[in-house]
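One-letter residues, chain by chain:
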Amino acid sequence: MSIKILTVVGARPQFIKAAAVSRAIRETDGLAEVMIHTGQHFDANMSDLFFEELAIPKPKHHLDINGGGHGDMTGRMLMAIEPILLAERPDWVVVYGDTNSTLAGSLAAAKLHIPVAHVEAGLRSFNRRMPEELNRIVTDHLSTLHLCPTATAIANLATEGVVNGVYHVGDVMYDATVFALEKAEIGSTILADLQLRPKQYSLATVHRAENTDDPERLREVVQFLLEQSRGRTVVLPLHPRTRGAAARLGVSLEGLRVINPVGYLDMAKLLHHAAEVYTDSGGLQKEAYFHRVPCITLRDETEWTETVTNGWNRLWKGPAHLVRSEITDYGRGRAAFEIAELLRDQAPLRAAG
């Protein structure tokens, strides 16, 4: 009997991570996967296109839940996920990262006594004003398997008393980066389409609530990007949340090269050939590190402390690091297979009947 894995995803970074792990699950004997897409990212360029480009199996369940406040969204997801879990009866529920989809999936599973495996367990920014930080902490304390990308993540869990079921598997985003770059270099025409020359532009993304919900903060971020654009073009694939906030608050983006959200392969190519990255995305910080592109994080803290320590990333208002070292601690590009093997080998015995 195959071990049944139910994967919950809902946002761009999760699609990318799930693509790597889903490939490994399909190539590992004794495993079968069912996927729920909560619909948290509902823009086709941020959702459907990723599934197509990364060859992710079509989700069996699509909940189409997005918008509203954090409690409202998470509550609707809980209500929708619970009956699916009761019908599917999985051996594991796998969740990724730190979104409302992550929290809803882990909480629904834990209340039904279904073991949870958390990919990217142990990350901490130590800022509980961020909803993502709360989602991370709660999910880790509900999980049975803690699949950590770094040694720092393991140490964070130990500080909170979480020591059982903790594994350093490496980073599935590194797996995804290695896989995608070769495809992007061959298949993406984004630089030609936008008439961009390698290393002659910068890439920016802004989407987190801490930057988009505070009018003064959003104006400050946009002003910073405009200052950077005086030296070279700043390309800004515009997140729907940021587009709406800028329009609502009257914040002009004129002077930036604003484009619609792009697929993963186009984004990989834009990132790889950028001179510098400005972002509040945890995923893009790390991808910039993997691509050896200097990054400025548009936040006051980061959960990816190794990128700062190794000199490839610095916080927007923090001190610059001048010495850059090689990538460390993120694995060998086989984190997804280590995860698949743990899901197979650590699965609890299924109750008779």
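Structure's up top.
Everything in this summary refers to the structure shown in the same document. From a predicted model like this one, the values you see are computed outputs, not experimental measurements.

### Details of the overall build of the protein
A count of helices and strands for the protein gives 15 helices and 13 strands. Relative to the 2.2 N^0.38 estimate, which gives 20 Å for 353 residues, the radius of gyration of the protein is 20 Å and therefore close to what a compact globule would have. Once the C-alpha set of the protein is aligned to its principal axes, its extents read approximately 65 × 40 × 40 Å. For the protein, the share of sequence-separated contacts (at least 6 apart) that also reach a separation of at least 24 residues comes to 68%. For the protein, the exposed surface amounts to about 14800 Å²; the carbon and sulfur share of it is 52%. Looking at the protein, you have 37 positive and 43 negative side-chain charges, and the mean spots of the two groups are 1 Å apart.

### Describing the packing of aromatic side chains
Tallied over the full model, the rule gives five aromatic pairs. A ring pair is formed by Tyr 174 and Phe 290, whose centres lie 4.9 Å apart and whose planes are at 55°; its orientation type is tilted. Highlighted residues: Tyr 174 in helix α7 (residues 172–187) and Phe 290 in helix α13 (residues 282–290), separated in sequence by 116 residues. Here the aromatic cluster, defined as three or more aromatic residues joined through ring pairs, consists of Tyr 174, Tyr 289 and Phe 290. One cation-aromatic arrangement involves Lys 317 over Trp 316; the distance from NZ or CZ to the ring centre is 4.7 Å.

### Comments concerning the pairing of strand β4 (residues 92–96)
For β4, a buried count of five out of five residues is recorded, marking the element as mostly surrounded by other parts of the structure. Burial of the side chains of β4 extends over both faces: Trp 92, Val 94 and Tyr 96 are buried on one face and Val 93 and Val 95 on the other. Where strand β1 (residues 3–9) meets β4, four bridges bridge the pair, whose relative direction is parallel. Bridging from a neighbouring strand, Ile 5 pairs with Trp 92 of β4. Two strands pair when backbone bridges link them, and β4 and strand β5 (residues 116–119) are joined in this way by four bridges, in the parallel orientation. Counted as the bridge partner of Val 93 is Val 116 from β5. Read as a crossover between parallel neighbours, the route from β4 over helix α4 (residues 100–111) to β5 is right-handed.

### Some points on the sheet that holds strand β3 (residues 61–62)
Strand order in the open sheet formed by seven strands is β3-β2-β1-β4-β5-β6-β7, with parallel pairing between adjacent strands. Strand pairing shows two members of the sheet lacking a second neighbour, β3 and β7 (166–168), which therefore form its edges. Here three bridges tie strand β6 (residues 145–148) to β7, and the two strands are oriented parallel to one another. Paired with Cys 148 across the bridge in β7 is His 168. Taken strand by strand, helix α15 (residues 335–345) contacts β1, β2 (31–37), β4, β5, β6 and β7, and its axis lies near 165° from that of β6.

### Remarks on helix α12 (residues 264–272)
Burial within α12 is extensive, with seven of its nine residues counted as buried. Burial in α12 covers these residues: Tyr 264, Leu 265, Met 267, Ala 268, Lys 269, Leu 270 and Leu 271.

### Side note on helix α6 (residues 151–159)
Residue pairs spaced three or four apart in an α-helix point in one direction, given the helix's 3.6 residues per turn. Along α6, the positions that sit buried rather than exposed are Ala 153, Asn 156 and Leu 157. Relative to the axis of α6, the buried residues are bounded by an arc of 95° and lie together on one face. Along its buried surface, α6 packs onto α5 (131–142), β6 and β7.

### Section: the nonpolar core
Leu 147, Ile 339 and Leu 343 are the most contacted members of the largest nonpolar core, which has 51 residues in total. Here this core takes eight residues from helix α1 (residues 12–26), the largest share from any one element. The contacts of Leu 147, once residues within four sequence positions are left out, are Ala 117, His 118, Val 119, Glu 120, Ala 121, Tyr 167, Val 169, Ile 339 and Leu 342. Val 221, Leu 225, Ala 246 and Ile 296 belong to the second-largest nonpolar core, a separate cluster that totals 20 residues.

### Topic: unusual backbone geometry
The backbone of Ala 55 shows a phi angle near 55°, a positive value even though the residue is not glycine. Inspection of the secondary structure assignment puts Ala 55 in the loop between α2 (48–53) and β3. A positive phi is found at Gln 195, a non-glycine position, where the angle reads about 55°. Position of Gln 195 relative to the elements: it lies in the loop between α8 (190–194) and β8 (201–205).

### Digging into the environment of Ala 55
Assessed through its relative accessible area of 49%, Ala 55 is described here as partly exposed. For the pair Ala 55 and Ser 22, spaced 33 residues apart in the sequence, the C-alpha separation amounts to 9.4 Å.

### Some words on the sheet that holds strand β12 (residues 295–297)
The pairing of strands in a sheet comes from backbone hydrogen bonds and takes either a parallel or an antiparallel form. Spatial ordering of the open sheet is given by β10-β9-β8-β11-β12-β13, a layout of six strands whose pairing is parallel. In the strand order of this sheet, the two ends are held by β10 (257–259) and β13 (313–315), each with one partner. Going across the sheet, the axis of each strand differs from the next one's by a mean of 20°, ignoring polarity. In the sheet, β12 pairs with β13 via three bridges, with the strands oriented parallel. The residue bridging Ile 296 from the neighbouring strand is Arg 314, located in β13.

### Brief notes about the side chain of Thr 302
In this structure, Thr 302 sits in the loop between β12 and α14 (305–309). Among the polar contacts listed, one links the side chain of Thr 302 to the side chain of Gln 285, at a separation of 2.6 Å. Those residues in contact with Thr 302, other than ones at most four positions away along the chain, are Arg 124, Ser 125, Gln 285, Val 308 and Leu 315.

About the cut-offs
- Residues numbered from 1 in each chain as written.
- Predicted model: local features only at pLDDT ≥ 70, side-chain atom pairs only at ≥ 80, totals over all residues.
- Heavy atoms only, no water.
- Helix = DSSP H or I, 4+ residues; strand = E, 2+ residues; numbered from the N terminus.
- Rg over C-alpha atoms; globule rule 2.2 N^0.38 Å.
- Contact = heavy atoms within 4.5 Å.
- Areas by Shrake-Rupley, 256 points an atom, 1.4 Å probe, with all protein chains shown as cover.
- Lys, Arg positive; Asp, Glu negative; His and termini not counted.
- Charge placed at Lys NZ, Arg CZ, Asp CG, Glu CD.
- Phe/Tyr/Trp six-rings, centres within 6.5 Å; stacked < 30°, edge-to-face > 60°.
- Lys NZ or Arg CZ within 6 Å of the ring centre and 35° of its normal.
- Buried < 20%, exposed > 50% of the residue type's maximum accessible area, 1.4 Å probe, protein only.
- Pairing = 2+ DSSP bridges.
- Right-handed = clockwise from strand over helix to strand, strands pointing away.
- Axes fitted to C-alpha atoms, helices over the stretch in contact; angles between N-to-C directions.
- Arc of directions from axis to C-beta.
- Core = buried A, V, L, I, M, F, W, Y, C linked by side-chain atoms within 4.5 Å.
- Polar contact = N/O pair within 3.5 Å; in protein donor to acceptor, adjacent residues only side chain to side chain.

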